[in-house]
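# Structural description and commentary
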Amino acid sequence: MDRDKGKESQAPCRLLPVLLDLSDKHVCVIGAAPEAERYARFLSACTRHLSVLCEEGSEELQAMADGGRLSLLKQSYSREALYGMDVVFCVSGSEALIRDVSAICRTMGITLYTVGRPDKSDFMLDTDLFSD
């Protein structure tokens, strides 16, 4: 009982270190090169269902798509593009896009990671994994 008394004054643990199995998850990266490329390179080894949503695909992203490592969706962001996704990585710096992606992911129950925005993310990453 004495242990419970002290817990009232402690801050709740917001983040728990975990490992995610993305192998069968539908994962989407939203953003432009070169940031989207870095995430796509890493995530293509983690899932069989990777989509990259960007208005202009780079040569590297196109080569990865041609090699079957990802689906390249060359289009402007739309909420419909997130239907069926399990995890979204938003690598865009656009505040308006971040707000909209965050709202739709919350509504649809999609796990979200937003680069540099832990307040808009459901989990944190060691970004050293994504360095060149």
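The structure this text deals with has already been given above.
Residues numbered from 1 in each chain as written. Predicted model: local features only at pLDDT ≥ 70, side-chain atom pairs only at ≥ 80, totals over all residues. Heavy atoms only, no water.

## A few points about the pattern of salt bridges
Taken as a whole and judged by the stated rule, the model has 7 salt bridges. The shortest N-O distance in the salt bridge between Glu95 and Arg117 comes to 2.7 Å. Taken together, the positions of Glu95 in helix α4 (residues 95–108) and Arg117 in the segment after β5 (111–114) put the pair 22 residues apart, joining distant regions of the chain. Note on Glu95: relative accessible area 36%, which makes it partly exposed. Members of the salt-bridge network, linked through shared partners, are Glu95, Arg117 and Asp119. (Salt bridge = Lys/Arg side-chain N within 4 Å of Asp/Glu carboxyl O. Helix = DSSP H or I, 4+ residues; strand = E, 2+ residues; numbered from the N terminus. Buried < 20%, exposed > 50% of the residue type's maximum accessible area, 1.4 Å probe, protein only.)

## Quick word on helix α3 (residues 59–66)
Restricting attention to buried positions, one finds in α3 the residues Leu61, Met64 and Ala65. Looking down the long axis of α3, one finds its buried residues gathered within 100° of arc, a one-sided arrangement. Away from its buried face by more than 90 degrees, α3 exposes Glu59 and Asp66. Each element contacted by the buried residues of α3 is listed here: α2 (35–43), β2 (49–54) and β3 (71–74). Two residues or fewer after α3 comes Gly68, characterised by a positive phi angle close to 80°. (Arc of directions from axis to C-beta. Contact = heavy atoms within 4.5 Å.)

## Topic: the nonpolar core
Val29, Leu43, Val52, Leu70 and Phe89 are the most contacted members of the largest nonpolar core, which totals 20 residues. Among the elements of the structure, β1 (26–30), α2, β2, α3 and β4 (87–90) are those that each provide at least two residues to this core. Broken down by element, the residue count for this core peaks at 4 residues, all from α2. The residues contacting Leu43, other than those within four sequence positions of it, are Leu22, Val27, Val29, Leu50 and Phe89. One finds Ile30, Ala81, Ile98 and Ile110 within the second-largest nonpolar core, a separate group that totals 15 residues. (Core = buried A, V, L, I, M, F, W, Y, C linked by side-chain atoms within 4.5 Å.)

## Focus: the layout of surface pockets
For the second largest pocket, the calculated volume is near 170 Å³. Taken together, Ile30, Gly31, Ala32, Leu53, Cys54, Glu55, Glu56, Gln75, Ser76, Tyr77, Ser92 and Leu97 make up the lining of the second largest pocket. (1 Å grid on protein atoms, 1.4 Å probe; cavity = no way out; pocket = protein on both sides within 12 Å on 5 of 7 lines; lining within 4 Å. Points joined across faces, edges and corners; volume = space filled by probe spheres on them.)

## Comments concerning the sheet that holds β2
With parallel pairing, 5 strands are arranged side by side in an open sheet as β3-β2-β1-β4-β5. Two strands in the sheet have a free side with no partner beyond their single neighbour: β3 and β5. Across this sheet, the average inter-strand angle for adjacent strands is 15°, counted without regard to direction. Against the sheet, α3 contacts β2 and β3, and its axis sits at roughly 135° relative to β3. (Pairing = 2+ DSSP bridges. Axes fitted to C-alpha atoms, helices over the stretch in contact; angles between N-to-C directions.)

## Digging into the packing of α2 against α3
Contact geometry for α2 and α3: axes closest at 9 Å, N-to-C directions at 30°. Between α2 and α3, the interaxial angle falls into the category roughly parallel. Crossing handedness for the pair α2 and α3: left-handed. On α3, the residues touching Ala36, Glu37, Ala40 and Arg41 of α2 are Glu60, Leu61 and Met64. (Parallel < 35°, antiparallel > 145°, perpendicular 65-115°, else oblique. Left-handed = near helix turned anticlockwise from the far one by under 90°.)

## As for the side chain of Thr47
One can find Thr47 in the loop between α2 and β2. One polar contact links the side chain of Thr47 to the main-chain amide nitrogen of His49, over a distance of 3.0 Å. When neighbours within four sequence positions are excluded, Thr47 is seen to be in contact with Leu22, Ser23, Lys25 and Val27. (Polar contact = N/O pair within 3.5 Å; in protein donor to acceptor, adjacent residues only side chain to side chain.)

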